[in-house]
Amino acid sequence: MTENAGEFGRPRGDYGFDGDYRVIPAPVVAAVYILICLVPAVFAVLYSGRGEVASAVAAGLVAVLLVAFGVTAVRATRVGKFEAWGPVLQGLGLRGDEEVLDMGCGRGAVLLSVAKLLPGGRATGIDIWRADQTGNSPDATWRNAELEGVSERIEVCTGDMTHMPFDDGRFDVIVSSLAIHNVPTMAGRLAAVDEAVRVLRPGGRLAVADIGFTKRYAARLRELGMNGVSRRSLGWRFWWGGPWLATWLVTATKPESD
């Protein structure tokens, strides 16, 4: 292995902010959330001025909690995902010559992190470049690859993860981070899981992190005969406001051919 886990906490690129910005642009989302935080803070001041201590404390507590939730989510998108994925990628024990696929690579947070571990291999990212990150585009991913010094180790393609343009059994490892849940239907999400298994070579490993539907992913992988299927939380660093919106990791290994 060529990097230590700590390297993943210090990205050189710009990976934007995660969220759904198809309808409301990110600056508007941020402005609205700040306003929501300010409302109870203002009421806390007003109640305090009128001597209504209990109401002031309650409003102040709401304001503090809202700010804490926002800070937690921002930390997850800017720092926490790197801290969480670093040990996961290190735990794969890569030789450095593998073919790795990142499904829904976005601006390359996980794609480029794994590329650092592949001096003799290749990391491929596929995405449809929808607005689930600020500034999500192939150009942004390539700029980050240059900044991270791994542009010679990656490929980036536009495509649908539910019907990927890759041969069966092409990849040694498949990863995905906060992407499959964006497929609008459960049938589509399970089709993405099916596609991951199809393009994974026998003996290859899968690691999928997501904020929803991970129990269904794990169940589908078991139905498809995958070995060692497990599901675990990636901890507070990958919370999106609190433990009620945590990120879970599903891992599995494809059986060797008979």
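Residues numbered from 1 in each chain as written. Predicted model: local features only at pLDDT ≥ 70, side-chain atom pairs only at ≥ 80, totals over all residues. Heavy atoms only, no water.

**Q** Looking at this structure, I do not really get the sheet that holds strand β3 (residues 154–158). What am I missing?
**A** Strands in a sheet are paired, the pairing made by backbone hydrogen bonds, and the direction either parallel or antiparallel. If you trace the 7 strands from one edge of the open sheet to the other, you get β3-β2-β1-β4-β5-β7-β6, paired in mixed fashion. With one partner strand each, in any of the chains shown, β3 and β6 (227–233) form the two edges of the open sheet. Averaged over all pairs of adjacent strands, the angle between their axes in this sheet comes to 15 degrees, without regard to strand direction. Summarising the sheet, strand β1 (residues 99–103) and strand β2 (residues 122–127) pair through 5 bridges and their orientation is parallel. Along β2, the bridge assignment pairs D102 with G125. Across the sheet, helix α2 (residues 53–91) is in contact with β4 (171–177), β5 (200–210), β6 and β7 (248–253); its angle to β4 comes to roughly 165 degrees. (Pairing = 2+ DSSP bridges. Helix = DSSP H or I, 4+ residues; strand = E, 2+ residues; numbered from the N terminus. Axes fitted to C-alpha atoms, helices over the stretch in contact; angles between N-to-C directions. Contact = heavy atoms within 4.5 Å.)

**Q** Is there a simple way to explain the pattern of salt bridges in this structure?
**A** Going through the model one piece at a time under the given rule, you end up with 17 salt bridges. R75 serves as the salt-bridge partner of E83, at 3.0 Å between the closest nitrogen and oxygen. Residue classification places E83 among the partly exposed positions, given a relative accessible area of 28%. Between D172 and R201 there is a salt bridge whose closest N-O contact spans 2.5 Å. Placement of D172 in strand β4 and of R201 in strand β5 is noted, with a sequence separation of 29 residues between them. (Salt bridge = Lys/Arg side-chain N within 4 Å of Asp/Glu carboxyl O. Buried < 20%, exposed > 50% of the residue type's maximum accessible area, 1.4 Å probe, protein only.)

**Q** Mind showing me how you'd approach the nonpolar core here?
**A** Grouped burial of nonpolar side chains is what soluble globular proteins tend to show. Grouped together as the largest cluster of nonpolar side chains are 34 residues, with contacts concentrated most on W85, L89, I154, V175 and F238. Residue assignment for this core shows that the elements contributing at least two residues are α2, α3 (109–115), β3, β4 and β5. Counting 27 residues, the second-largest nonpolar core is a separate cluster that includes F166, F171, A192 and V250. (Core = buried A, V, L, I, M, F, W, Y, C linked by side-chain atoms within 4.5 Å.)

**Q** So what exactly am I meant to see when it comes to the packing of helix α5 (residues 186–199) against helix α6 (residues 214–223) here?
**A** Packed helices, taken two at a time, are described by the angle between their axes plus the distance between the axes. Interaxial distance between α5 and α6 falls to 10 Å at its minimum, and their mutual angle equals 45 degrees. Taken together, the axes of α5 and α6 lie oblique to each other. Of the two elements, α5 crosses α6, and the hand of that crossing is right-handed. On the side of α5, the interface is formed by M186, R189, L190, V193, D194 and V197, while α6 contributes R216, Y217, R220 and L221. Among the residues making up the contact of α5 with α6, the classes are represented as 6 nonpolar, no polar and 4 charged. (Parallel < 35°, antiparallel > 145°, perpendicular 65-115°, else oblique. Left-handed = near helix turned anticlockwise from the far one by under 90°. Nonpolar A, V, L, I, M, F, W, Y, C, P; charged D, E, K, R; others polar.)

**Q** Where do I start with the side chain of D102 in this structure?
**A** Here D102 lies in strand β1. Buried D102, no salt bridge; nearest opposite-charge side chain is K81, N-O distance 9.9 Å. In this structure D102 touches V110, L111, T124, G125, I126, V175, S176 and S177, once residues within four positions along its chain are discounted. (Lys, Arg positive; Asp, Glu negative; His and termini not counted.)

**Q** Which parts of the structure should I look at to understand the packing of aromatic side chains?
**A** Counting across every chain of the model gives 5 aromatic pairs. When the ring of F69 is compared with that of W244, the centres are 5.1 Å apart and the planes differ by 85 degrees; the resulting orientation is edge-to-face. Highlighted residues: F69 in helix α2 and W244 in the loop between β6 and β7, separated in sequence by 175 residues. Overall, F69 belongs to the partly exposed group, its relative accessible area being 28%. Here R189 stacks its cationic end above the ring of F213, 3.8 Å away from the centre of that ring. Across the ring face of W248, the terminal group of R231 is positioned such that the distance to the ring centre comes to 3.8 Å. (Phe/Tyr/Trp six-rings, centres within 6.5 Å; stacked < 30°, edge-to-face > 60°. Lys NZ or Arg CZ within 6 Å of the ring centre and 35° of its normal.)

**Q** What's the story with a nonpolar patch on the surface in this structure? I'm lost.
**A** A cluster of nonpolar residues, V23, I24, V28, V29, V32, Y33 and I36, forms a patch on the protein surface that exposes about 590 Å² of accessible area. Since its relative accessible area comes to 42%, I24 is described here as partly exposed. (Patch = residues over 30% accessible without salt bridge, like charges linked within 9 Å, V, L, I, M, F, W, Y side chains within 5 Å. Areas by Shrake-Rupley, 256 points an atom, 1.4 Å probe, with all protein chains shown as cover.)

**Q** Quick question: what am I supposed to make of unusual backbone geometry here?
**A** Glycine aside, a negative phi is what most residues show, and trans is what most peptide bonds show. A positive phi angle, close to 55 degrees, is found at L178, a residue other than glycine. Structurally, L178 can be placed in the loop between β4 and α5. You will see that F213, though not glycine, has its phi angle at about 70 degrees, which is positive. Looking at the secondary structure, you find F213 in the loop between β5 and α6. Take F213: its relative accessible area is 36%, and that puts it in the partly exposed class.

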